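# Observations on the model geometry
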Amino acid sequence: MPRHFLDLFDVTPAEASMLLDRALTLKKVPRSSLRHATGRTLGLIFEKPSLRTRVSFEAAMTRLGGASTFLKGEDVGIGVRESVHDFARVISQYVDVLAIRTFGHSIVEELARNASIPIVNALSDDAHPCQAMADLLTIREAVGTLDSSIKLVFVGDGNNVARSLAVACALFGVRFVLAAPEAYNFPDAFRSRFQSAFPKTPLVIEHDPVKAVAGAQVVYTDVWASMGQECETAIRRTAFAPYQVNAALFARADRDAIFLHCLPAHRNEEVTDDVLDSDRSLVIPQAANRLHFQMALLDWLLTDAC
Ligand code: CP
Ligand code: NVA
């Protein structure tokens, strides 16, 4: 069975730590000396838009000496033009690893059950594990450590990005808090899975954003309406208005707190320009780390993990 990367619930703390070490090592290695993926191909299938994930995966594969092939979801029609099962068995004959961005997480799981190559979740409605690992890499570089001395507060929707971050923080012992309105809290299924995976780690939800960010070393936010939820934009704007990360809210965090956002951002909606463009905002190095984490991930999946 190939090793997949669908959700951080499937990753051990030792593996998560090894992947960040590997990313930091690869970041320092001169590009021309990397040949870990020579002769290997990465398939990329995206059913939703992307800048960072698509381009950083393609660049990662190029830097490792391999190649990639990109297909728009509508051109492939997984589960429409042919069954997920047939698609998985055929694509496994052509590429060595496949990253997919789709809606239902069950599609990613069904692909993994039927493929003979590693499957990577490049974002589903439930999880964005590559993003969360790049985020932890960014915090480790900025703060110098990853442990319970760090409090990360995610202000906004309990969405795919927030869920993967909560799990990533639990893997490294970082204290995670979700500041969300009651209606946009984590779903029950996620909460029960989290509690059974990390019985000693409370999943802290705080509805008051000001209370939540007190003493935080990291303040994180994401769009209020994720891809596929565009028809809910107006209602979500009202619900999340008190959760905007603006200078007043950010000032309640630790004096040296950093600001993170997975991007793309809706400027002056979930975050104001003064926070997003401040010296304490690390969103650009955070985006850069998508490339470095994914180099480590591809290297692992194509070598040691198989
Ligand atoms: N953060 C992120 O995944 O960005 P893209 O949607 O542009 O890939
Ligand atoms: N929560 C967002 C993240 C985009 C990178 C979405 O799913 O659209």
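For the structure, see preceding data.
No experiment lies behind these values; they were computed from the predicted model shown.

## Some remarks on the packing of helix 2 (residues 52–63) against helix 13 (residues 283–302)
- Following both chains from N to C, one finds helix 2 and helix 13 inclined at 55 degrees, their axes separated by 8 Å at the closest point. The orientation of helix 2 relative to helix 13 falls into the category oblique. Seen from above, helix 2 lies across helix 13 with right-handed handedness. Where helix 2 abuts helix 13, its residues Arg52, Thr53, Ser56, Phe57, Ala59, Ala60, Met61 and Arg63 lie against Ala287, Arg290, Leu291, His292, Gln294, Met295, Leu298 and Leu302.
- Of the residues in the contact of helix 2 with helix 13, the class split is nine nonpolar, four polar and three charged.

## So, the sheet that holds strand 2 (residues 67–72)
- Pairing within the open sheet is parallel, and its four strands lie in the order 2-1-3-4. Only two strands of the sheet have a single neighbouring strand rather than two, namely strand 2 and strand 4 (119–121). In this sheet, neighbouring strand axes are inclined to one another by 20 degrees on average, regardless of whether the strands run parallel or antiparallel.
- Pairing of strand 3 (residues 97–101) with strand 4 involves three bridges; the strand directions are parallel. Counted as the bridge partner of Leu98 is Ile119 from strand 4.
- Helix 13 rests against strand 1 (41–46), strand 3 and strand 4 of the sheet, and its axis sits at about 135 degrees to strand 3.

## Brief notes about the sheet that holds strand 8 (residues 218–221)
- What the five strands build is an open sheet, ordered 7-6-5-8-9; its pairing is parallel. Strand pairing shows two members of the sheet lacking a second neighbour, strand 7 (204–206) and strand 9 (258–261), which therefore form its edges. Strand after strand, the sheet turns through a mean of 25 degrees between neighbouring axes, direction not considered.
- Here helix 13 sits on the sheet in contact with strand 8 and strand 9, set at roughly 50 degrees to strand 9.

## Some points on the site of ligand 2
- Taken together, the neighbourhood of ligand 2 is formed by Leu123, Asn159, Asn160, Val161, Asp222, Ser226, Met227 and Leu263.
- Residue Asn160 places a side-chain N or O atom 2.8 Å away from an oxygen atom belonging to ligand 2.
- Asp222 is positioned such that a nitrogen or oxygen atom in its side chain is 2.6 Å from a nitrogen atom of ligand 2.
- Cavity membership is defined here by more than half of the atoms lying within 2 Å of grid points; on that basis ligand 2 lies in the largest pocket.

## Quick notes on the environment of Leu8
- You can see Leu8 is positioned in the segment before helix 1 (13–28).
- The buried category is assigned to Leu8, whose relative accessible area is 0%.
- In contact with Leu8, other than residues within four places in its own chain, are Pro129, Ala132, Met133, Ser164, Val167, Ala168 and Leu171.

## Overview of the pairing of strand 2
- Inspection of the sheet shows strand 1 paired to strand 2 by six bridges, in the parallel sense. Each residue of the ladder has a partner; that of Leu42, found in strand 2, is Ser68.
- Taken together, strand 1, helix 2 and strand 2 constitute a β-α-β crossover, and its handedness is right-handed.

Definitions and cut-offs
Residues numbered from 1 in each chain as written. Chains lettered and ligands numbered in written order. Predicted model: local features only at pLDDT ≥ 70, side-chain atom pairs only at ≥ 80, totals over all residues. Heavy atoms only, no water. Axes fitted to C-alpha atoms, helices over the stretch in contact; angles between N-to-C directions. Helix = DSSP H or I, 4+ residues; strand = E, 2+ residues; numbered from the N terminus. Parallel < 35°, antiparallel > 145°, perpendicular 65-115°, else oblique. Left-handed = near helix turned anticlockwise from the far one by under 90°. Contact = heavy atoms within 4.5 Å. Nonpolar A, V, L, I, M, F, W, Y, C, P; charged D, E, K, R; others polar. Pairing = 2+ DSSP bridges. Near = heavy atom within 4 Å. Polar contact = N/O pair within 3.5 Å; in protein donor to acceptor, adjacent residues only side chain to side chain. 1 Å grid on protein atoms, 1.4 Å probe; cavity = no way out; pocket = protein on both sides within 12 Å on 5 of 7 lines; lining within 4 Å. Sits in = over half its atoms within 2 Å of the grid points. Buried < 20%, exposed > 50% of the residue type's maximum accessible area, 1.4 Å probe, protein only. Right-handed = clockwise from strand over helix to strand, strands pointing away.

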